[in-house]
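Remarks on the overall topology
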Amino acid sequence: MNTEFMEALSDLEHDKGIKKDVLLEAIETALISAYKRHFGTDQNARVEIDGDTGEIKVFAIKNVVDEVEDEDTEISVEDAHAIHEKYEAGDVLETEVTPRDFGRIAAQTAKQVVVQRIREAERGIIYDQYSEKENEVLTAIVHRIERGNVYVELGRAEGIIPVSETVYSEQYNINDRLKVYVLEVKKTNKGPQIIVSRTHPALIKRLFEIEVPEIRQNVVQIKSIAREAGGRTKIAVWSDEKDVDPVGACVGHKGTRIEKVVEELGGEKIDVVPWSSDPIEFIANALRPAKVVMVQINEDEKAAKVIVPDYQLSLAIGKEGQNARLAAKLTGWKIDIKSQSQTEQEVFGEAFANADTSFDSLADTFGVVDRLNEESAVEEAEEELILDELAKNEGEEDEGVSDQEETK
């Protein structure tokens, strides 16, 4: 090696961030192995590289002993005195044993070490760069597809979308550009492995953060997300500022903001509903677009019974139960949905048969806490009772008239 090689190491330190001393130490270690391998020796050795000139020297290391048992690692006191009289038994003696043609071997070995260290350093830099991007959204380009796994380019690194993180309804083609959510970055022998996802619910959150400034500024908060990737997603949003409509902010003028998110997800439907600390109100909101008449909750079991108009039952449940299932995930409550006619038949039927029964007593019997439609429900019940009472009175008057006519 020469001064040019030393200068090249200095440039690597500046460009790649690999310290020159670390490289020299690695080269020295590699040269020891190369020396033993090429010259067939088991003796202990040390390699020294001049940091300025690049000159290489190899030193054999031997223990000074009274009686030699292993010539590769030991030297007698008599032979040691021939080199210098200062050596005594128990000392360590180093003698230069640099082979004449060691320069060529050294140069080749040094090159291999440097290339390997550069690769390791680059892998380390890439790992550090992408490990900071965990839980973030990146733009990826589909590179290849193998056994259902989709390999994507992420700038300087390659990512993988495992089969479990692909959307069943999406078709992936080479050179497709798509947004992915970074799940995990692992260190491997071949470099960092970046696991990304197209199904994770947090992908929805990050996409809305990109499109909705109010979310980035924390004016609007996404409280919860329920997603069935490729089918439908529900998100609950909230704002503590009275002048801000959280749902409107996410939807955007004429739906421009939410349309961009839907487009990025290949047409996946998204319901944005207002979040509420009141579980009754939140459950009713979560079942949108269906309208809810009444909600009964059991806080101990965290279960809710929901009553909807007959014509809204299929909408509330959704295709294959999807709407109800997502609402349950969104709220964290078990939800049982029934129509008004079902409820009347099961609970109110016998109660309404008794004309003296009031709506309050029915509500107590049913155990319903209806803060959503309480006033309208009471008015409807009272109106029905009044009509029943009027009909009853009219019947009595008709009977009285008939009795008088028969008496005459």
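See the structure shown above.
Figured I'd write up the structure that's included with this text. (Residues numbered from 1 in each chain as written. Predicted model: local features only at pLDDT ≥ 70, side-chain atom pairs only at ≥ 80, totals over all residues. Heavy atoms only, no water.)

Points about the sheet that holds strand β6 (residues 149-154)
Within a beta sheet, neighbouring strands are joined by backbone hydrogen bonds and run either parallel or antiparallel to one another. Taken in spatial order, the 5 strands close into a barrel running β5-β6-β7-β9-β8, and their pairing is mixed. The sheet shows a mean angle of 50° between the axes of neighbouring strands, direction not considered. One ladder, built from 5 bridges, connects strand β5 (residues 137-146) with strand β8 (residues 177-186); its direction is antiparallel. Looking across to β8, one finds that Leu138 is bridged to Val180. Packed on one face of the sheet, helix α4 (residues 102-131) meets β5, β6, β7 (157-161), β8 and β9 (193-197) and runs near 110° to β8. (Pairing = 2+ DSSP bridges. Helix = DSSP H or I, 4+ residues; strand = E, 2+ residues; numbered from the N terminus. Axes fitted to C-alpha atoms, helices over the stretch in contact; angles between N-to-C directions. Contact = heavy atoms within 4.5 Å.)

Description of the packing of aromatic side chains
By the definition in use, this model includes 2 aromatic pairs. The interplanar angle of 80° and the centroid separation of 6.0 Å between the aromatic rings of Trp238 and Trp275 together place this pair among those described as edge-to-face. Here the residue Trp238 occupies a position in strand β11 (residues 232-238), and Trp275 occupies one in the loop between β12 (269-274) and α9 (279-286), the gap between them amounting to 37 residues. Trp238 gets classed as partly exposed once you look at its relative accessible area, which sits at 27%. The exposure class assigned to Trp275 is partly exposed, which follows from its relative accessible area of 25%. One aromatic cluster is present, built from ring pairs that chain together Trp238, Trp275 and Phe282. The ring of Tyr151 has Arg144 sitting right over it, with the charged end atom 4.0 Å from the ring centre. (Phe/Tyr/Trp six-rings, centres within 6.5 Å; stacked < 30°, edge-to-face > 60°. Buried < 20%, exposed > 50% of the residue type's maximum accessible area, 1.4 Å probe, protein only. Lys NZ or Arg CZ within 6 Å of the ring centre and 35° of its normal.)

Here's the deal with the pairing of strand β2 (residues 56-65)
Sheet faces and side chains relate simply in a regular strand, where the side chains alternate between the two faces. The pairing of strand β1 (residues 44-49) with β2 spans 6 bridges and is classified as antiparallel. Looking at β2, one finds that Glu48 is bridged to Lys57. Turn length for the β1-β2 hairpin, with the two strands adjacent in sequence and antiparallel, is 6 residues, and the turn residue Gly54 shows positive phi of about 85°. Here β2 pairs with strand β3 (residues 74-76) via 3 bridges, running parallel. Each bridged residue has a counterpart across the sheet, and for Asn63 the counterpart in β3 is Glu74.

Some points on unusual backbone geometry
Here Arg288 and Pro289 are connected by a cis peptide whose omega angle stands at 15°. Positive phi, normally seen in glycine, also occurs at Glu320, with a value near 55°.

Topic: the environment of Ala8
The topology assignment puts Ala8 in helix α1 (residues 3-16). A relative accessible area of 37% means that Ala8 is categorised as partly exposed. Along the chain, Ala8 and Lys20 lie 12 residues apart, while their C-alpha atoms are 9.6 Å from each other.

Here we look at the sheet that holds strand β14 (residues 303-308)
The 3 strands are arranged β13-β14-β15 in an open sheet whose pairing can be described as mixed. Both edges of this open sheet fall to β13 (294-298) and β15 (334-339), since each of them pairs with a single strand only. Strand-to-strand twist of the sheet, defined as the mean angle between neighbouring strand axes without regard to direction, takes the value 20°. Alignment of β14 against β15, held across 6 bridges, turns out to be parallel. Residue Val306 lies in a different strand from β15, and its bridge partner there is Ile337.

Some points on α1
With 14 residues, α1 extends 20 Å between its outermost C-alpha atoms, agreeing within 8% with the 20 Å of an ideal straight helix rising 1.5 Å per residue. All of the buried residues in α1 are Met6, Leu9 and Leu12. Buried residues along α1 cover an arc of 110° about the axis, so they all sit on one side. Within α1, the exposed residues directed more than 90 degrees away from the buried face are His14 and Asp15. (Expected span 1.5 Å × (residues − 1). Arc of directions from axis to C-beta.)

Description of a negative patch on the surface
A cluster of acidic side chains, namely Asp66, Glu67, Glu69, Asp70, Glu71 and Asp72, defines a negative patch on the protein surface. Turning to its location among the elements, Glu71 is positioned in the loop between β2 and β3. Residue Glu71 is classed as exposed on the basis of its relative accessible area, which comes to 62%. (Patch = residues over 30% accessible without salt bridge, like charges linked within 9 Å, V, L, I, M, F, W, Y side chains within 5 Å. Areas by Shrake-Rupley, 256 points an atom, 1.4 Å probe, with all protein chains shown as cover. Salt bridge = Lys/Arg side-chain N within 4 Å of Asp/Glu carboxyl O. Lys, Arg positive; Asp, Glu negative; His and termini not counted. Charge placed at Lys NZ, Arg CZ, Asp CG, Glu CD.)

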